[in-house]
Amino acid sequence: MIFDPLLVFTRIPKVLKYLPITMEIAVASTLLSLVIGFLVALIKIRGIPVLRQIAAFYVSVTRGTPILVQLYATYVGIPIILRALHADTGVVNSIPPVVFALIALSLNDAAYSSEAIRAAIQAVDRGQIEAAHSIGMTTWQTLRRIIVPESLVIALPSLGNAFIGMIKGTSLVFVTAVVEMSTYGRQLAGRDFRYLEMYVTLAIIYWVITFVVSKLLSLWERKLKCDERAVGGGSGNDTLTRFAEKV
Amino acid sequence: MIRLQGLRKRFNRHEVLKGIDLEVRFGEVAAVIGASGSGKSTLLRCIDFLETPDEGRFTLGERSFDAAKASKADIAYMRRNTAMVFQNFNLFRYKTALENVTEGMITVQKLPRDEAEKRGRELLGKVGLSDRTDYYPNKLSGGQQQRVAIARSLALNPKAMLFDEPTSALDPEMIAEVLTVIKNVAKERSHAMIIVSHEMNFVYEIADKVIFLDEGEVLEQGTPLEVFGAPKTERARQFISRVNLSNNYVI
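Residues numbered from 1 in each chain as written. Chains lettered and ligands numbered in written order. Predicted model: local features only at pLDDT ≥ 70, side-chain atom pairs only at ≥ 80, totals over all residues. Heavy atoms only, no water.

1. A word on the interface of chain A and chain B
- Across the boundary between the two partners, chain A contributes 24 residues, which contact 26 residues of chain B.
- Taking both sides of the interface into account, the surface hidden between chain A and chain B amounts to around 2300 Å²; carbon and sulfur atoms contribute 57%.
- Applying the counting rule to chain A against chain B returns 3 salt bridges.
- A salt bridge links Arg45 of chain B to Glu130 of chain A, with the nearest nitrogen and oxygen atoms 2.6 Å apart.
- Connecting chain A to chain B are 9 residue pairs in polar contact (both at pLDDT 80 or more).
- For the side of chain A that touches chain B, the elements supplying multiple residues, two or more each, are helix 8 (126-134) and helix 9 (139-169) of chain A.
- Here the side of chain A that touches chain B gets 7 residues from one element, more than from any other, and that element is helix 8 of chain A. (Contact = heavy atoms within 4.5 Å. Buried area = accessible area lost by both parts, 1.4 Å probe. Salt bridge = Lys/Arg side-chain N within 4 Å of Asp/Glu carboxyl O. Polar contact = N/O pair within 3.5 Å; in protein donor to acceptor, adjacent residues only side chain to side chain. Helix = DSSP H or I, 4+ residues; strand = E, 2+ residues; numbered from the N terminus.)

And the structure:
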């Protein structure tokens, strides 16, 4: 048989055992990338000299090179740099491979999300910030209580896309010797050479996950846009009073 | 008492405020009038450090400092003890009316949430919005939004209240409700109030002191009767003759 449809489904449970690793890498590198992206965005907005040039260089290089190259460069390059700095070889060799994967993926993602974060922060109405200052909130309080929540509403669609991209991007971390879902699937398929079935299996799993994640993201987005909901928690109350006013 | 001495502010080469002296006691209502571009709003914004003054000395209550060399603590002190009501309301978009009012009490004054909410409801009641506590700003009319903004300012128990053209962005039928609320606040005599307004009848009625600002300078200062009734300068006479002051205006 050239293609065994049954095998596509019977292998799903086996491959799914490695889903937690895939998701852990995706979530951890996304969170890390948000922190880095936020810092880069602040550097750009504040126009801090020197740091601004470094940030621009980093974004340009990261966006201008393939992720695969970045993964290789991190996996091979960081140990070389550490050894050059006279770090203990035993220590360098004992760094878990997943660390390199996290570094490369988050730095890559942050280069893109920093732009989305910058645009979102700058889109917050100046009057909101002035109002926060006028009631005595400090810069930090204003950032945390007003600017971040408001810019999150603006940035969420593109950050959500980045997260979905990240889930799929984890399939490249075999480069750093990390075994996640795709790598494990390939290993499994190597035993009986049923590669095509395995890639279909993987495709189905990735598609289902990203489908669920994008649904959850749009629910979250709706929750954040609390001001667009009907008054009184969406009960029929509002329409009723409006109706009553008409009559 | 709030006192400004020799306040100067320039934007690039244009000097907007050319040495303003102003003193308002607690419980006193001062109204700043003048043509557009005379520096009225900039004056208020400097007090709240939304603009940085170039020169001058500020005194509010016990504290007095050089406004051009204000420390972080000076700025925090001014912002905590003054409250601005903006022309465009500037309510926090994703917070309900009640959350807008409690935000400062919880974040800045560190009041416990339930206490802040209790006081927030009282204040919203005071501005006539008890039934709108859970509404988001975009579900409120302009007049209602501005009343929430006034409640938000009152929540901080400020020594000075600053009103920056509070009715200029409102539909005519909503102006009265906001002016009534401001009048009620003024009656309490518990703050120094500085109001920038084009509502001359309102100013005439409510102010203890009227300041006529022209091209960044205080041209006239006195009781409403003095400034409106017998302006000393030609410029003020012109301005006041152009705004019609009716005697039968009822708020």
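2. Focus: the nonpolar core
Residue and element names in this part refer to chain B.
- Counting 39 residues, the largest nonpolar core has Ile2, Leu43 and Ile194 as the members making the most contacts within it.
- Apart from residues lying up to four places away in sequence, Ile2 is in contact with Leu22, Glu23, Val24, Ile47, Thr59, Leu60, Ala160, Ala192 and Ile194.
- The next biggest cluster of nonpolar side chains, apart from the first, holds 36 residues, and it includes Leu91, Ala116, Val178 and Phe202. (Core = buried A, V, L, I, M, F, W, Y, C linked by side-chain atoms within 4.5 Å. Buried < 20%, exposed > 50% of the residue type's maximum accessible area, 1.4 Å probe, protein only.)

3. A few points about the sheet that holds strand 4 (residues 55-60) of chain B
All names here are of chain B.
- As summarised here, the arrangement of the 4 strands in space is 2-1-4-5, forming an open sheet in which the pairing is antiparallel. With partners counted over all chains shown, the strands left at the sheet margins are strand 2 (14-24) and strand 5 (63-66), one partner each. Between one strand axis and the next, the sheet turns by 15 degrees as a mean value, whatever way the strands run.
- Two strands pair when backbone bridges link them, and strand 4 and strand 5 are joined in this way by 4 bridges, in the antiparallel orientation. Note on strand 5: the bridge partner recorded for Thr59 is Ser64.
- Sitting on the sheet, helix 1 (residues 40-47) touches strand 1 (2-11), strand 2 and strand 4, and the angle it makes with strand 1 is about 115 degrees.
- In this fold helix 2 (residues 72-81) packs onto strand 4 and strand 5, with an angle of close to 130 degrees to the strand it touches most, strand 5. (Pairing = 2+ DSSP bridges. Axes fitted to C-alpha atoms, helices over the stretch in contact; angles between N-to-C directions.)

4. Concerning the sheet that holds strand 6 (residues 82-85) of chain B
Residues and elements named next belong to chain B.
- Taken in spatial order, the 6 strands line up as 6-7-8-3-9-10 in an open sheet, and their pairing is mixed. Each of the sheet's edge strands pairs with one partner strand only, and the pair in question is strand 6 and strand 10 (217-222). Averaged over neighbouring strand pairs, the angle between their axes works out to 20 degrees when direction is ignored.
- Looking at chain direction, strand 9 (residues 209-214) and strand 10 are connected through 5 bridges and run antiparallel. The partner of Asp214 across the bridge, within strand 10, is Glu217.

5. Examining the pattern of salt bridges
- Counted according to the given criterion, the structure contains 26 salt bridges over all chains.
- A salt bridge links Asp192 of chain A to Arg11 of chain A; the nearest nitrogen and oxygen atoms lie 2.4 Å apart. Of this pair, Asp192 of chain A sits in helix 10 (residues 181-192) while Arg11 of chain A sits in the loop between helix 1 (5-10) and helix 2 (12-16), and the two are 181 residues apart along the sequence.
- For Asp192 of chain A, a relative accessible area of 34% puts it in the partly exposed group.
- Classification of Arg11 of chain A as buried rests on a relative accessible area of 7%.
- Linking Lys209 of chain B and Glu28 of chain B is a salt bridge whose minimum nitrogen-to-oxygen distance equals 4.0 Å. Placement of Lys209 of chain B in strand 9 and of Glu28 of chain B in the loop between strand 2 and strand 3 (29-33) is noted, with a sequence separation of 181 residues between them.

6. Focus: the confidence of the model for chain B
All names here are of chain B.
- Looking at chain B, pLDDT values average 92 and 97% of them are 70 or higher.
- The element-level mean pLDDT for chain B is lowest in helix 9 (residues 234-242), coming to 87, with helix 3 (residues 97-107) highest at 96.
- Across the assembled chains, the prediction reports ipTM 0.91 with pTM 0.83. (pLDDT = per-residue confidence, 0-100.)

7. Overview of the environment of Phe38 of chain A
Residue and element names in this part refer to chain A.
- Mapping Phe38 onto the fold places it in helix 3 (residues 19-46).
- The exposure class assigned to Phe38 is partly exposed, which follows from its relative accessible area of 22%.
- Taking the C-alpha atoms as reference points, Phe38 and Ser114, 76 residues apart in sequence, are found 6.0 Å from one another.

8. A closer look at the packing of helix 3 of chain B against helix 5 (residues 142-154) of chain B
All names here are of chain B.
- Helix 5 packs onto helix 3 with a crossing angle of 25 degrees between their chain directions and a minimal axis gap of 8 Å. Considering the angle they form, helix 3 stands roughly parallel to helix 5. Crossing angle aside, the handedness with which helix 3 passes helix 5 is right-handed. Facing Ala97, Asn100 and Val101 of helix 3, the residues of helix 5 in contact are Val148, Ala151 and Arg152.
- A class-by-class count of the residues in the contact of helix 3 with helix 5 yields 4 nonpolar, 1 polar and 1 charged. (Parallel < 35°, antiparallel > 145°, perpendicular 65-115°, else oblique. Left-handed = near helix turned anticlockwise from the far one by under 90°. Nonpolar A, V, L, I, M, F, W, Y, C, P; charged D, E, K, R; others polar.)

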